[in-house]
Amino acid sequence: DVEHYECDEPFLTSPDFDEAAAGLDAFEVTRWTNRWTPEHLRWRLGRPHARYHVHVSDDLFAVSTRDKRFGVPAAVIMKLLPRRPATEPISAQRLLTEVCRVHRAPYAVYCGFNAHVSVRGVRPPRRLQPSPLYLILRSLQPDVDQASLALEIYEFLDQDAY
């Protein structure tokens, strides 16, 4: 029950993409996050020389890519977006298994946090982790309370890691 698409020009301009991406920015948020409208998502996934895949289930919309470390392929999870409202975080485990199968990878890499989707996994030993990323969040609007700024979702697709 998971559909997989390679993010090429025919897919990004197709009705399949429009249907899969419809309403992805409609879930309720309490903190700061990017709005992933179909137009914004189409622009971000149209990055030249990138090989993204979209995976769609009844519950989730996921974006992934493939990478190789020490000769071993990895499915890199770029973004997880709910496709329906939920009172608790939606488990991504079944979808991640399918993403690994599509990429023929024995494991998946996910980095970030998402208040709407739960991802279980193993944290690599500190010696294998890259240097920490310090994220500074500030509003340039004087009427915004700087102390109240907090991110709700921040994942690989929110930056230019891949």
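Scroll up a little and you will see the structure.
Described below are features of the structure shown in this document. Predicted model only: the values in this text are computed from it and were never measured.

The next point concerns the nonpolar core. A general feature of soluble globular proteins is that nonpolar side chains tend to end up buried together. Grouped together as the largest cluster of nonpolar side chains are 23 residues, with contacts concentrated most on Leu41, Leu45, Val54, Phe61 and Val63. Mapped by element, the contributors of at least two residues to this core are α1 (9–12), α2 (15–21), α3 (38–45), β2 (53–56), β3 (60–69) and β4 (72–82). Apart from the residues lying within four places of it in its own chain, the contact partners of Phe61 are Ala20, Ala21, Leu24, Leu41, Val54, His55, Val56, Lys79, Leu80, Leu81 and Arg83. Core analysis: the second largest hydrophobic core is formed by 14 residues, Ala62, Ile90, Leu95 and Leu96 among them.

Our next topic: the pairing of β3. Counted residue by residue, β3 has seven buried out of 10 residues, so it is predominantly covered. Note: β2 against β3, four bridges, orientation antiparallel. Each bridged residue has a counterpart across the sheet, and for His53 the counterpart in β3 is Ser64. Connecting β2 to the next strand, β3, in antiparallel fashion are three residues. Looking at chain direction, β3 and β4 are connected through 10 bridges and run antiparallel. Pairing of Leu60 across the sheet is with Pro82, part of β4. Between β3 and the antiparallel strand that follows it, β4, lie two residues; Phe70 among them carries a positive phi value of about 55 degrees.

Time to look at the side chain of Thr65. Looking at the secondary structure, you find Thr65 in strand β3. By relative accessible area, Thr65 is classed as buried at 7%. A polar contact of 2.9 Å, which involves the side chain of Thr65, links it to the backbone oxygen of Arg51.

Thresholds, definitions, all that
Residues numbered from 1 in each chain as written. Predicted model: local features only at pLDDT ≥ 70, side-chain atom pairs only at ≥ 80, totals over all residues. Heavy atoms only, no water. Core = buried A, V, L, I, M, F, W, Y, C linked by side-chain atoms within 4.5 Å. Buried < 20%, exposed > 50% of the residue type's maximum accessible area, 1.4 Å probe, protein only. Helix = DSSP H or I, 4+ residues; strand = E, 2+ residues; numbered from the N terminus. Contact = heavy atoms within 4.5 Å. Pairing = 2+ DSSP bridges. Polar contact = N/O pair within 3.5 Å; in protein donor to acceptor, adjacent residues only side chain to side chain.

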